[in-house]
Amino acid sequence: MPAQAYAGKECVCQLRRGICDQSCVQGMLDTPFYIACLRLSGRRCVVVGGGDVGLEKVEGLLACDGEVTLIAPDAVEPLRELAAEGSIRWERREYAGAADLEGVFMVIAATSDTDVNIHVYEDAERRAMLVNVVDVPPLCNFILPAIVRTGPLAVAISTAGASPALAKRIRDEIADEYGEPYARLAVLLNEVRGWAKDTLPTYQDRKAFFESIVNGEPDPVELLRRGNERAVRDLIAAAQKSHVPA
């Protein structure tokens, strides 16, 4: 339900205008968002709404190992299959209010019912918990960027809620440019993090070590693009030798 659907109704955003005049939507571009990566493993996450948008949000949470509960009287077939196989818990009913958010880390409202979305937002805000109402940035205390994932590499693109379509276009262009070679380099560098922590005494020493590899010559990304992982491992070994404290 887009933010425009609230125009003329009672204001529900932080501006408390009385009657919604869309000022909060215009102000979104001036909102500085604190960008963070959340660890969802073992954390309870709720998605309200069993349609295609709800499916998209459920899949995103599962990809990050969240413990997902779906609240919806009905659901599209892929969500039914996830519930049947035990990947998610499905509460086959309408959103019941604040009790549904007890012990929950994050909630995403993905329904076509404006009143339900508002109730989810207000219940979550009273608990100071993370809440996102899909496609209504003023009813979110966090927004979901478009994500490029390749192995351990994740690149997030945000337009501050102004245009998810534009964010997705940028995501696709980045995916073409930054893919498997960068992800593989991240894995190789992670293999020597323990050595660096044990051997190099200061943060600046460790920073110089990793930057000498990433920004060095020959370019490790280009070597990986050509399938020459052995040469990258040799670069890392050489850097280890040159950075060992005297």
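Our structure's up above, just so we're on the same page.
Presented here is a report on the structure given in the accompanying data block. (Residues numbered from 1 in each chain as written. Predicted model: local features only at pLDDT ≥ 70, side-chain atom pairs only at ≥ 80, totals over all residues. Heavy atoms only, no water.)

A few points about the overall build of the protein chain
When helices and strands are counted, the protein chain shows 10 helices and seven strands. Within the protein chain, the fraction of its 246 residues that count as buried is 38%. Excluding contacts between residues fewer than 6 apart, the proportion of contacts in the protein chain whose partners are at least 24 apart in sequence is 51%. Surface summary for the protein chain: the accessible area is close to 14,200 Å², and the carbon and sulfur share equals 50%. (Helix = DSSP H or I, 4+ residues; strand = E, 2+ residues; numbered from the N terminus. Buried < 20%, exposed > 50% of the residue type's maximum accessible area, 1.4 Å probe, protein only. Contact = heavy atoms within 4.5 Å. Areas by Shrake-Rupley, 256 points an atom, 1.4 Å probe, with all protein chains shown as cover.)

Describing the environment of Arg193
Relative to the helices and strands, Arg193 resides in helix H7 (residues 193–199). Classification of Arg193 by relative accessible area gives exposed; the value is 54%. Taking the C-alpha atoms as reference points, Arg193 and Arg206, separated by 13 residues in sequence, lie 8.8 Å from one another.

As for the side chain of Thr150
Note on placement: Thr150 falls in strand E6 (residues 146–150). Ignoring anything within four residues of it in the chain, the contact list for Thr150 reads Tyr178, Gly179, Glu180 and Ala183.

With respect to the side chain of Asn132
Turning to its location among the elements, Asn132 is positioned in strand E5 (residues 130–133). Given the relative accessible area of 5%, Asn132 is considered buried. Within the local environment of Asn132, its side chain forms a polar contact with the backbone oxygen of Phe142, the two atoms lying 3.0 Å apart. Those residues in contact with Asn132 that lie beyond four places of it in its chain are Val107, Ile108, Ala109, Leu139, Cys140, Phe142, Ile143 and Leu144. (Polar contact = N/O pair within 3.5 Å; in protein donor to acceptor, adjacent residues only side chain to side chain.)

Details of helix H6 (residues 180–190)
All of the buried residues along H6 are Pro181, Ala183, Leu185, Leu188 and Leu189. In this structure, the buried side of H6 is in contact with E6, strand E7 (153–157), H7, helix H8 (203–214), helix H9 (220–225) and helix H10 (229–243).

So, the packing of H8 against H10
Working note: a packed helix pair is described by the angle between its axes plus the distance between those axes. The interhelical angle for the contact between H8 and H10, taken along N-to-C directions, is 145°, at an axis separation of 10 Å. For H8 against H10, the interelement crossing comes out right-handed. Packed against H8, whose contacting residues are Ala208, Phe209, Ser212 and Ile213, the element H10 presents Ile236, Ala239, Gln240 and His243 at the interface. A breakdown of the residues in the contact of H8 with H10 according to their chemical character gives five nonpolar, three polar and no charged. (Axes fitted to C-alpha atoms, helices over the stretch in contact; angles between N-to-C directions. Left-handed = near helix turned anticlockwise from the far one by under 90°. Nonpolar A, V, L, I, M, F, W, Y, C, P; charged D, E, K, R; others polar.)

Focus: the nonpolar core
The biggest cluster of nonpolar side chains holds 19 residues, and the ones touching the most others in it are Leu61, Leu70 and Leu79. Elements with a contribution of two residues or more to this core: strand E1 (44–48), helix H2 (52–63), strand E2 (67–71), helix H3 (77–84) and strand E4 (106–109). With sequence-adjacent residues up to four places away left out, Leu70 is seen in contact with Val47, Gly49, Gly50, Ala75, Leu79, Ile88, Arg89, Trp90 and Glu91. The next biggest cluster of nonpolar side chains, apart from the first, holds 18 residues, and it includes Val46, Val48, Val116 and Tyr121. (Core = buried A, V, L, I, M, F, W, Y, C linked by side-chain atoms within 4.5 Å.)

Overview of the sheet that holds E2
Backbone-to-backbone hydrogen bonds pair the strands of a sheet. The strands run either parallel or antiparallel. Strand order in the open sheet made by the five strands is E3-E2-E1-E4-E5, with parallel pairing throughout. In the strand order of this sheet, the two ends are held by strand E3 (89–91) and E5, each with one partner. Going from strand to strand, the sheet's axes swing by 15° on average, the running direction of each strand aside. In terms of strand pairing, E2 meets E3 through three bridges, oriented parallel. Within E3, the position partnered with Leu70 by the bridge is Trp90. (Pairing = 2+ DSSP bridges.)

Examining the packing of aromatic side chains
Counted under the stated rule, the structure contains three aromatic pairs. Taking the centre distance of 4.9 Å and the plane angle of 65° together, the rings of Tyr178 and Tyr182 count as edge-to-face. In this structure Tyr182 comes out as partly exposed when scored by relative accessible area, which is 25%. Aromatic side chains Phe209 and Phe210 sit 4.9 Å apart centroid to centroid with 65° between the ring planes, which places their arrangement in the edge-to-face category. Exposure remark for Phe210: the relative accessible area of 18% places this residue in the buried category. An aromatic cluster of at least three residues, connected via ring pairs, comprises Trp195, Phe209 and Phe210. Arg43 extends its terminal NZ or CZ atom over the ring of Phe105, reaching a point 4.5 Å from the ring centre. (Phe/Tyr/Trp six-rings, centres within 6.5 Å; stacked < 30°, edge-to-face > 60°. Lys NZ or Arg CZ within 6 Å of the ring centre and 35° of its normal.)

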